[in-house]
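Descriptive structure summary
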Amino acid sequence: MSARLPAQERRDQIIDVALAVFANQGFYGASMNDVADAAGVTKPVLYQHFGSKRELYLALLEDVGARLITAISKAASESANGKAQTEDGFLAYFRWVHDSRDAFSLLFGGAARRDEEFAEAVRRVEDASAEAIAPLIAANVSAEQQRTIAHALVGMAEGVARRLVADEHTFNPEATARWVSDLAWAGLRALGRER
């Protein structure tokens, strides 16, 4: 049994442990007993924080999504110009995928897509990511175009990351970010030009 922690610290610890449990066993394969054992707590303590396995999984999706959005937003907001924002945003994303494969797999893997409630949680993360990126698109386009382009950038990053994670080998996040950001920047520079 682990030492008594303040409620928020215990909740955070359970979230961290649950990530590894669900990443290894999947939502349907893991049990609340597995999470409690891995966290070193009793099931009653676990249920004080999360009323069900579904509630825990949804909280985990939200937490993982918030970490991803924070990493991208922080990196892009500290950049000097549009090109640097593009590069830094993709670099933050691919570093996060590289360093947090379990989190990426949980957020964009099978269970999150097959269950409608989980899929909706993932859509909220994708929407929030696009909403964070859209204002950074400094082009003479409408707000609706900005949002659409932001969703395209989110989808492009996710598609590349899916391939890299599926290949199950290590990848260079810096090189990957450079390739993808070069492609994205070429497209972003063309936005709003007369055709």
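Residues numbered from 1 in each chain as written. Predicted model: local features only at pLDDT ≥ 70, side-chain atom pairs only at ≥ 80, totals over all residues. Heavy atoms only, no water.

If you tally the helices and strands in the chain, you get 10 helices and zero strands. In the chain, the order of α-helices and β-strands from amino to carboxyl end is α-α-α-α-α-α-α-α-α-α. On the principal axes, the C-alpha backbone points of the chain span a range of 65 × 35 × 30 Å. Counting the 195 residues in the chain, one finds 43% classified as buried. For the chain, restricting intrachain contacts to residue pairs at least 6 apart in sequence, the fraction spanning at least 24 positions comes to 66%. Seen as two clouds, the 22 positive and the 27 negative side-chain charges of the chain have centres 2 Å apart. (Helix = DSSP H or I, 4+ residues; strand = E, 2+ residues; numbered from the N terminus. Buried < 20%, exposed > 50% of the residue type's maximum accessible area, 1.4 Å probe, protein only. Contact = heavy atoms within 4.5 Å. Lys, Arg positive; Asp, Glu negative; His and termini not counted. Charge placed at Lys NZ, Arg CZ, Asp CG, Glu CD.)

Moving on: the side chain of Asp115. In this structure, Asp115 sits in the loop between helix 7 (110–114) and helix 8 (116–133). Look at Asp115 and you get buried, because its relative accessible area is 10%. At 2.9 Å, the side chain of Asp115 and the backbone nitrogen of Glu117 are in polar contact. A polar side-chain atom of Asp115 sits 3.1 Å from the main-chain amide nitrogen of Phe118. Apart from residues no more than four positions distant in its own chain, Asp115 is found in contact with Tyr28 and Arg54. (Polar contact = N/O pair within 3.5 Å; in protein donor to acceptor, adjacent residues only side chain to side chain.)

What follows covers the confidence of the model for the chain. Here the chain shows a mean pLDDT of 88. Residues at 70 or above account for 95%. Confidence, expressed as mean pLDDT per element, reaches its minimum in the chain at helix 7 with 73 and its maximum at helix 2 (residues 32–39) with 95. (pLDDT = per-residue confidence, 0-100.)

Taken as a whole, this structure holds 13 salt bridges when the rule is applied. Linking Asp115 and Arg54 is a salt bridge whose minimum nitrogen-to-oxygen distance equals 2.6 Å. Linking Asp115 in the loop between helix 7 and helix 8 with Arg54 in helix 4 (residues 53–77), this pair joins segments that are 61 residues apart in sequence. A salt bridge links Glu117 to Arg54; the nearest nitrogen and oxygen atoms lie 2.9 Å apart. Of this pair, Glu117 sits in helix 8 while Arg54 sits in helix 4; the two residues are 63 residues apart in sequence, bridging distant segments of the chain. Assessed through its relative accessible area of 40%, Glu117 is described here as partly exposed. Within the structure, one salt-bridge network assembled from shared partners comprises Glu116, Glu120, Arg123 and Arg124. (Salt bridge = Lys/Arg side-chain N within 4 Å of Asp/Glu carboxyl O.)

Before going further, it helps to examine the environment of Ile72. You can see Ile72 is positioned in helix 4. The class of Ile72 is buried, set by a relative accessible area of 12%. For the pair Ile72 and Arg114, spaced 42 residues apart in the sequence, the C-alpha separation amounts to 26 Å. Setting aside its immediate chain neighbours within four residues, Ile72 contacts Gly89, Ala92 and Tyr93.

Mapped onto the elements of the fold, Val17 is located in helix 1 (residues 7–29). What makes Val17 buried here is its relative accessible area of 17%. Through-space distance from the C-alpha of Val17 to that of Val35 is 6.8 Å; in sequence the pair is 18 residues apart. Apart from the residues within four sequence positions on either side, Val17 is in contact with Val35, Ala38 and Ala39.

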